[in-house]
Amino acid sequence: MEINNLSKYYGAHKALDNVSLSIEPGTVTVILGPSGSGKSTLLRTINHLERVDEGFIQIDGDYIGYRRKGDTLYELKERAILKQRTHVGYVFQNFNLFPHMTVLDNIIEAPVVHGLLNRKQAIARAYELLDTVGLREKAHAWPRHLSGGQQQRIAIARALALNPKVMLFDEPTSALDPELVGEVLDVIKKLAQSGVTLVVVTHEIGFARQVADQVVFMVDGAVVESGSATQVLDRP
Ligand code: ADP
Ligand code: ADP
């Protein structure tokens, strides 16, 4: 994934300021920075939940945002955006499971709706994903009967159901009681071994040190440092 000179405004406020980043397939990028520094906005633009004002993001040859040909900027067409979005999984701070659906139905919904799998195939895939997150026995449970950590692990399984190339995590553990943080980070660490490209916004420095191939530090919408965990975190 190439993020190229990306800028995003809310009115006069510049939430992203000329952000450029290169993210290699299968690597883990951790984004750190104070509240309001643009971390969420960056993830949201990658998934096209927000429009880009300048610059572009390229994933596997497909573009999000604006593509420059000579002096002209062309915006992506809606259909390309929807296709692209199925390649990018998103895990929110607050799990966002569908409360009126069982765990299994939460996981099979997207691949069935997008026509990628029939119901039987989707169920088989859902059980594989439940094994990945260690929650096969919760297939028929309701989200509200699960702990926060379990709900977040189901949200991860649901995002994986579309076989995304890239998984985005927006502070996936910050809504959890401290004793539940580890079980969610363990699932993300396991994903890191599996070849999916991960971009994780978090304040968990220990996680960044253990898993990150690249650490990016943002301030006021701009990338002020990027490099290995040691380079960024152990600067004098
Ligand atoms: P972070 O995730 O690092 O906390 P955000 O990306 O949420 O930062 O926000 C970056 C800046 O953009 C903040 O100043 C925030 O208040 C502002 N912002 C975010 N979303 C909106 C919005 N929808 N409308 C106006 N301002 C926004
Ligand atoms: P985070 O720091 O995790 O991004 P926020 O509390 O900053 O969470 O934002 C929560 C939601 O509110 C987001 O959808 C964001 O776009 C929106 N938001 C944030 N700041 C503003 C703002 N100044 N004006 C309008 N919407 C905002």
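Under an unreviewed UniProt entry, the name given to the protein chain is Amino acid ABC transporter ATP-binding protein, and the source organism is Rahnella laticis. Listed in UniProt under the heading Sequence similarities (unreviewed entry), the comment for the protein chain reads: "Belongs to the ABC transporter superfamily."

Trainee: Let's hear about the site of ligand 1: which residues, and what values?
Mentor: If you check the shell around ligand 1, you find Tyr-10, His-13, Ala-15, Pro-34, Ser-35, Gly-36, Ser-37, Gly-38, Lys-39, Ser-40 and Thr-41 and nothing else. Here a nitrogen atom of ligand 1 sits 3.4 Å away from a polar atom, N or O, in the side chain of Tyr-10. The contact in question runs from an oxygen atom of ligand 1 to an N or O atom on the side chain of His-13, over 3.1 Å. Protein contact buries 60% of the 560 Å² of open area that ligand 1 shows by itself. Only β2 (13-22) and α1 (39-46) provide two or more residues apiece to the shell around ligand 1. Here the shell around ligand 1 takes 3 residues from α1, the largest share from any one element. Grouping the amino acids of the shell around ligand 1 by side-chain chemistry returns 3 nonpolar, 7 polar and 1 charged.

Trainee: Describe the environment of Pro-172, naming the residues involved and giving the relevant values.
Mentor: With respect to the helices and strands, the residue Pro-172 is situated in the loop between β8 (166-170) and α6 (178-192). Expressed as a C-alpha distance, the spacing of Pro-172 and Gln-152, which sit 20 residues apart in the sequence, is 7.4 Å. Setting aside anything within four residues of it in sequence, one finds Pro-172 in contact with Gln-93, Gln-152, Val-184, Ile-188, Val-200 and Val-201.

The rules behind each value
- What you see as residue numbers is a count from 1 along each chain, following the sequence as written.
- The naming scheme follows written order: chains are lettered A onward, ligands numbered 1 onward.
- Two thresholds apply to this predicted model, a pLDDT of at least 70 for residue-level local features and 80 or more for giving and counting side-chain atom pairs, whereas whole-chain, interface and lining totals are computed over all residues.
- As a convention, hydrogens and water are excluded, and side-chain values are obtained from all of the structure's heavy atoms.
- UniProt positions are given in the numbering used here, feature names are shortened, and annotations may be inferred rather than shown by experiment.
- It suffices for a single heavy atom of a residue to lie within 4 Å of a molecule or strand for the residue to be listed as near it.
- What qualifies as a polar contact is a pair of N or O atoms within 3.5 Å, subject to a donor-acceptor requirement within protein and to the restriction that residues adjacent in sequence count only when both atoms come from side chains.
- Accessible surface is estimated by sampling points in the Shrake-Rupley manner with a 1.4 Å probe; for residues, cover comes only from the protein chains shown.
- Secondary structure elements follow DSSP: runs of H or I of four or more residues count as helices, runs of E of two or more count as strands, with numbering from the N terminus.
- Under the convention adopted here, Pro, Cys and the residues Ala, Val, Leu, Ile, Met, Phe, Trp and Tyr are nonpolar, Asp, Glu, Lys and Arg are charged, and Gly plus all remaining residues are polar.
- Here a residue-residue contact requires only that any non-hydrogen atoms of the pair lie within 4.5 Å.

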